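Descriptive structure summary
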Amino acid sequence: MLELQGIPVSPGVAIGPALVLDADGYRIPRCIVPASDVEDEFARLHTAVDLVSAHLEHSRLETTATAGRSTGDIFAAQLQMLHDPRLHSELQRRIGADRQSAAFAVSGVLHNYASALRRLDNPLLADRAQDVLDIERQLLMQLGAVTRQPLSDLSEPVIVLSHMLTPSETANLDRRYVKGFCTEIGGPGGHTAIVAKGLEIPAVVGIGDFLHQIAGSNCVIVDGDRGKLIVDPDDDVLENYLQRAEYRRSLAVRLAELSQLPAETTDGVRIQLNANIEFPHETAACIERGADGIGLYRTEFLYLSSDDEPSEEDHYQAYSEVVQKMDGRPVVIRTLDLGADKMGRGNMAHRENNPFLGLRSIRLSLRNLDVFRPQLRAVLRAAVHGDVRVMFPLITTINELRQARMLLNVVAEDLHESGLPYRSDLPVGMMVEVPAAVMMLEHFAKEVDFFSIGTNDLAQYTLAVDRSNEYVADLYQSSDPAVLRLIQRSIDVAAQSQTPVSVCGEMSSNPGRALLLLGMGVRNLSVPPSALPRVKKVIRNVSIEQCQAIAERVMKLEAARDVDLYLLDRLADLAPELVMQ
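Residues numbered from 1 in each chain as written. Predicted model: local features only at pLDDT ≥ 70, side-chain atom pairs only at ≥ 80, totals over all residues. Heavy atoms only, no water.

So, the overall build of the protein
Tallying secondary structure elements over the protein gives 24 helices and 17 strands in all. The C-alpha atoms of the protein give a radius of gyration of 27 Å, which matches the 25 Å a tight globule of 581 residues would have. Along the first, second and third principal axes, the C-alpha set of the protein runs to 80 × 55 × 45 Å. Within the protein, the proportion of its 581 residues that are buried is 56%. The long-range share in the protein, meaning contacts at least 24 apart out of those at least 6 apart in sequence, stands at 68%. (Helix = DSSP H or I, 4+ residues; strand = E, 2+ residues; numbered from the N terminus. Rg over C-alpha atoms; globule rule 2.2 N^0.38 Å. Buried < 20%, exposed > 50% of the residue type's maximum accessible area, 1.4 Å probe, protein only. Contact = heavy atoms within 4.5 Å.)

Considering the packing of helix α21 (residues 511–520) against helix α23 (residues 544–554)
For any two helices packed against each other, one specifies the inter-axial angle together with the distance between the axes. Between α21 and α23, the least distance of the axes is 7 Å, while the angle of their chain directions is 95 degrees. As the angle between them shows, α21 and α23 are arranged roughly perpendicular. In this structure, α21 contributes L515, L516, L518, G519 and M520 to the contact, and α23 contributes C547, Q548, I550, A551 and V554. When its residues are assigned to classes, the contact of α21 with α23 shows 8 nonpolar, 2 polar and no charged. (Axes fitted to C-alpha atoms, helices over the stretch in contact; angles between N-to-C directions. Parallel < 35°, antiparallel > 145°, perpendicular 65-115°, else oblique. Nonpolar A, V, L, I, M, F, W, Y, C, P; charged D, E, K, R; others polar.)

Examining the UniProt feature "binding site: phosphoenolpyruvate" (unreviewed entry) in the protein
Mapped onto the present numbering, the UniProt feature "binding site: phosphoenolpyruvate" (unreviewed entry) falls on R298, R334, N456, D457 and R467. Counting through the fold element by element, R298 comes out in strand β11 (residues 294–298). R298 sits in the buried class, given a relative accessible area of 4%. With sequence-adjacent residues up to four places away left out, R298 is seen in contact with I194, N276, I277, E278, R334, N456, C504 and E506. Mapped onto the secondary structure, R467 falls in the loop between α19 (455–463) and α20 (481–497). Residues within four places of R467 in sequence aside, it is in contact with G187, P188, G189, G190, H191, I194, F356, R360, N456, D457, Q460 and Y476. (UniProt positions renumbered as here; feature names shortened; annotations may be inferred.)

Examining the pattern of salt bridges
For the structure on display, the rule yields 35 salt bridges. The salt bridge partner of R60 is E57, with a shortest N-O separation of 2.8 Å. Here the residue R60 and the residue E57 both occupy positions in helix α1 (residues 38–67), the gap between them amounting to 3 residues, near one helical turn. Residue R60 is classed as partly exposed on the basis of its relative accessible area, which comes to 23%. For R244, the salt bridge is made with D223, and the minimal N-O distance between the two is 2.8 Å. You can see R244 sitting in helix α9 (residues 235–256) and its partner D223 sitting in strand β8 (residues 219–223), a full 21 residues away along the chain. In this structure R244 comes out as buried when scored by relative accessible area, which is 7%. Bridged by salt links that share partners, the residues E300, R334, D337, R360 and D457 form one connected network. (Salt bridge = Lys/Arg side-chain N within 4 Å of Asp/Glu carboxyl O.)

Looking at unusual backbone geometry
With a phi close to 55 degrees, R99 is a non-glycine residue in the positive phi region. Inspection of the secondary structure puts R99 in the loop between α3 (85–96) and α4 (102–118). Classification of R99 by relative accessible area gives partly exposed; the value is 35%. Despite not being glycine, D327 shows a phi value in the positive range, around 50 degrees. Within the fold, D327 resides in the loop between α12 (312–326) and β12 (331–334).

Quick word on the domain arrangement of the protein
According to the domain assignment, the protein contains domain 1 (2–27 + 149–249), domain 2 (37–143), domain 3 (298–426) and domain 4 (436–580). Placing the centre of domain 1 and that of domain 2 at their C-alpha centroids yields a distance of 28 Å. (Domains from an automatic or database assignment.)

What to know about the nonpolar core
In this structure, I294, F392, F444, F451, I487 and L525 are the most contacted members of the largest nonpolar core, which totals 99 residues. For this core, the leading source of residues is helix α16 (residues 398–418), giving 8 residues. Residue assignment places this core across two domains, with domain 3 (298–426) and domain 4 (436–580) each supplying three or more. Every residue in contact with F392, bar those within four places of it in the chain, is listed here: T335, I362, F372, L376, L401, A404, R405, V428, G429, M430 and M431. (Core = buried A, V, L, I, M, F, W, Y, C linked by side-chain atoms within 4.5 Å.)

Here we look at the packing of aromatic side chains
In the structure shown here, the tally under the stated rule is 3 aromatic pairs. Aromatic side chains F279 and F301 sit 5.8 Å apart centroid to centroid with 50 degrees between the ring planes, which places their arrangement in the tilted category. You can see F279 sitting in the loop between β10 (272–277) and α10 (283–288) and its partner F301 sitting in helix α11 (residues 301–304), a full 22 residues away along the chain. When the ring centre of Y316 is taken as reference, the NZ or CZ atom of R381 above it lies at 4.1 Å. R553 extends its terminal NZ or CZ atom over the ring of Y566, reaching a point 4.8 Å from the ring centre. (Phe/Tyr/Trp six-rings, centres within 6.5 Å; stacked < 30°, edge-to-face > 60°. Lys NZ or Arg CZ within 6 Å of the ring centre and 35° of its normal.)

A look at the packing of helix α15 (residues 369–382) against α16
One way to put it is that α15 packs onto α16 with a least axis distance of 9 Å and a crossing angle of 65 degrees. In this view, α15 runs roughly perpendicular relative to α16, as classed from their interaxial angle. Of the two possible hands of crossing, α15 and α16 adopt the one that is right-handed. Seen from α15, the contacting residues are L369, F372, R373, L376, R377, L380 and R381; seen from α16, they are L407, L408, V410, V411, A412, D414 and L415. For the contact of α15 with α16, the class distribution of residues is 10 nonpolar, no polar and 4 charged. (Left-handed = near helix turned anticlockwise from the far one by under 90°.)

As structure tokens, then:
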């Protein structure tokens, strides 16, 4: 058994066979063939070995002729490995006795050989592991088990293990088969993490270099609550996780009973509990779990889930679907919140040394009006179907806000002239996620209808931490006292100016931190759909007075760790069933 620690980014537990992605394709998950197909698998293996052998012999002869015998001997050594009697004996046993597919047997045996070589003290022998993996890759290619689109043709449940997954790759995961994923790199606040939460796929990122230790044959457990990846768990560990999974299922059933009840504290204070979504299909889960509305519709996933530039009609159809399904509930549509580095298309695909401090979000939109205008037109058109509000991200200066509002007015005039149905009287808000904006918030309050505090970026910019970088993930904490003081100032300014304020960052989805936010004066929270039942439960278990006492104590603490430990302790007292043991 091997236990690896990473960063938990999407809660839940998933158990299944590993699907290891690499640059060339993937090692297939466990595949057992009928007894009647065993001879066919032997034949496929022999054909693959013959083809790879011929290719290696050709490479040996060609390389020897051009670069000398010593270089050609590299391929001679690979040929020797390929025809090793012990290798073929083990493959024959797996296919014949265990009825494994040829591809699965090749993946398991050769990957085990490579892992054994890497563990040797002899550096020369350890380097031969790459030769073994090269033979494995070539055999898998001949067996048809390596593909350029390894996630497009799944037919059974898997746990995806990869160096990284982009937000678009994550968005396109087939949830019928992908039960969880782990990556070597990534941080807690990246877009991949956000998408995983939206899809409700257990996920752990930032584990470090581990793929060479895993074979496609491995059974693995993804613990998205604690940030663990467990490879080949023993019986006791597996039973423990099966029991935890059953507890989560029974808790979900109990929490579902709260779906149609209001998010109201024990002393009668009504909290607006909204949902964050990335995709229109998430509205069903929002309604089922009793969301009061959509507090954050992240529109950038229209760009990330397709290679084509979304048209105005694409935007309109997506927004209209959400607004109509929410049936009169408020929907806050945030305009594009991506960096040029993530766009990868057209004139927007700029290379930057530090994308998080560069051309992103509202800055990118204002520089690319041919992209921004169609989005704003679609928002105003979709607003005729319900209660729509528009929100601008990463506002840093008053001038940025005024430019965005002016363009919104220009777009409304264009729509009026075109005769298309639209609304121009929708509320306009801004994300509060840059310390500069917090310090100038009294001035912004005169020009917006509402604020939404984005704790993800606010923590990133306050603490000078890249939220997608696993090496500094321990510093990325929305519960850091410095971040809490900026949040408190934002809440105070909003109250003084009578400007509605919500918190839509990941902080609000943590039940313990939600208690803190209520105590700080927040009455509007927006969380991923998966977090709605848990956050509603904790709201209905406490009084505002209790939350205020929690906030008073927290604001005296000096470190994020102290804050989180205290909040976990209070959560265990106030809503013990939400604390996983």
